[in-house]
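Single-letter residue listing:
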Amino acid sequence: MDIAAYLNALIALFVIIDPIGAALIFHSLVPPDDMAHRFKMALKAGVISFALLVLFGNFGEPLLHKLGISIDALRISGGILLFYTAFNMITKDMEYTTTTERKDIAVFPMSIPLMAGPGSLTLAILLYSKGDASASNMAVTLAILSITVSTFLLMMLSRYVKRIIGRTGDDILRRFLGVILAALAIQFVHDGVVNMSV
């Protein structure tokens, strides 16, 4: 396995998915005392997100090719989209309100757009497109699995995460990750422009 590709994918996915922030949002959307419902929603969201990221990452590029869209055009547009996401992470405030209603939140909003949204799906295509060998692709798949499993665990432990990190801690973390994501987005745009101009 390509360790460098794994770490690169893991860090990039951690930044854009933000498992801690996702866990805090999950905590506000499900009843805190209904453990069976919490487990079902967390597991369903994790499985759907993993499947979407891997499938779109592997087959998104051929689909784009059929549509006449190059990977470098995707790098530029994806970079702009990621920068927009980063800008919102840095500048917008999020509200968390506890609920007692049992709703199916696995697909929306937990999987789409929080875990497998436009930004992370674009990132998955870009990560898989960088890999020329099966070892690199395996590393990216393992990184996606690691992030989805860690997000699932944090969702299951979200009541404790909320107590430990609190609103202020989540704000600090989200804005810090937003700055890193913005830099990553600019790098994608730069790579796309350079490759298209060669």
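Residues numbered from 1 in each chain as written. Predicted model: local features only at pLDDT ≥ 70, side-chain atom pairs only at ≥ 80, totals over all residues. Heavy atoms only, no water.

The contact between helix 3 (residues 35-66) and helix 7 (residues 134-156) brings their axes to 9 Å, and the two run at 165°. Considered as vectors, helix 3 and helix 7 are oriented roughly antiparallel to each other. In this structure, helix 3 crosses over helix 7, and the sense of that crossing is right-handed. Only Thr141, Ile144, Leu145, Thr148, Phe152, Met155 and Met156 of helix 7 make contact with helix 3, whose side of the interface consists of Met35, Arg38, Phe39, Ala42, Leu43, Ala45, Gly46, Ser49, Phe50, Leu53 and Val54. Grouping the constituent residues of the contact of helix 3 with helix 7 by class yields 13 nonpolar, 4 polar and 1 charged. (Axes fitted to C-alpha atoms, helices over the stretch in contact; angles between N-to-C directions. Helix = DSSP H or I, 4+ residues; strand = E, 2+ residues; numbered from the N terminus. Parallel < 35°, antiparallel > 145°, perpendicular 65-115°, else oblique. Left-handed = near helix turned anticlockwise from the far one by under 90°. Contact = heavy atoms within 4.5 Å. Nonpolar A, V, L, I, M, F, W, Y, C, P; charged D, E, K, R; others polar.)

Further remarks concern the confidence of the model for the protein. Looking at the protein as a whole, the pLDDT averages 85, with 95% of positions reaching at least 70. Looking over the protein, one finds the lowest element-wise mean pLDDT in helix 4 (residues 71-91), namely 80, and the highest in helix 7, namely 95. (pLDDT = per-residue confidence, 0-100.)

So, on to the packing of aromatic side chains. Under the criterion given, the structure shown has 1 aromatic pair. Considering the side-chain rings of Phe39 and Phe152, the 5.8 Å spacing of their centres and the 75° angle between planes classify their relative orientation as edge-to-face. Separated by 113 residues along the polypeptide, Phe39 in helix 3 and Phe152 in helix 7 bring together distant segments of the chain. Residue Phe152 is classed as buried on the basis of its relative accessible area, which comes to 17%. (Phe/Tyr/Trp six-rings, centres within 6.5 Å; stacked < 30°, edge-to-face > 60°. Buried < 20%, exposed > 50% of the residue type's maximum accessible area, 1.4 Å probe, protein only.)

A few words on unusual backbone geometry. In this chain, Phe108 is followed by Pro109 through a cis amide linkage whose omega measures 10°. Note on placement: Pro109 falls in helix 5 (residues 106-115). Within the chain, Asp18 stands out as a residue other than glycine whose phi angle is a positive 55°. Topologically, Asp18 is positioned in the loop between helix 1 (3-17) and helix 2 (19-29).

All right, on to the nonpolar core then. Leu13, Phe26, Met110 and Met155 are the most contacted members of the largest nonpolar core, which has 53 residues in total. Of all the secondary-structure elements, those providing two or more residues to this core are helix 1, helix 2, helix 3, helix 4, helix 5, helix 6 (118-130), helix 7 and helix 8 (158-197). For Met110, the contacting residues outside a window of four places in its chain are Ala22, Ile25, Phe26, Leu29, Ala45, Ile105, Met115 and Met155. (Core = buried A, V, L, I, M, F, W, Y, C linked by side-chain atoms within 4.5 Å.)

The subject of this paragraph is the layout of surface pockets. What the largest pocket holds in volume is close to 550 Å³. Along the wall of the largest pocket there are 21 residues; nearest its centre are Ile16, Thr85, Met89, Pro113 and Leu114. Of all the secondary structure elements, the ones that give two or more residues to the lining of the largest pocket are helix 1, helix 2, helix 4, helix 5 and helix 6. Of the residues forming the lining of the largest pocket, the biggest block, 5 residues, is contributed by helix 4. Broken down by class, the residue content of the lining of the largest pocket amounts to 11 nonpolar, 6 polar and 4 charged. (1 Å grid on protein atoms, 1.4 Å probe; cavity = no way out; pocket = protein on both sides within 12 Å on 5 of 7 lines; lining within 4 Å. Points joined across faces, edges and corners; volume = space filled by probe spheres on them.)

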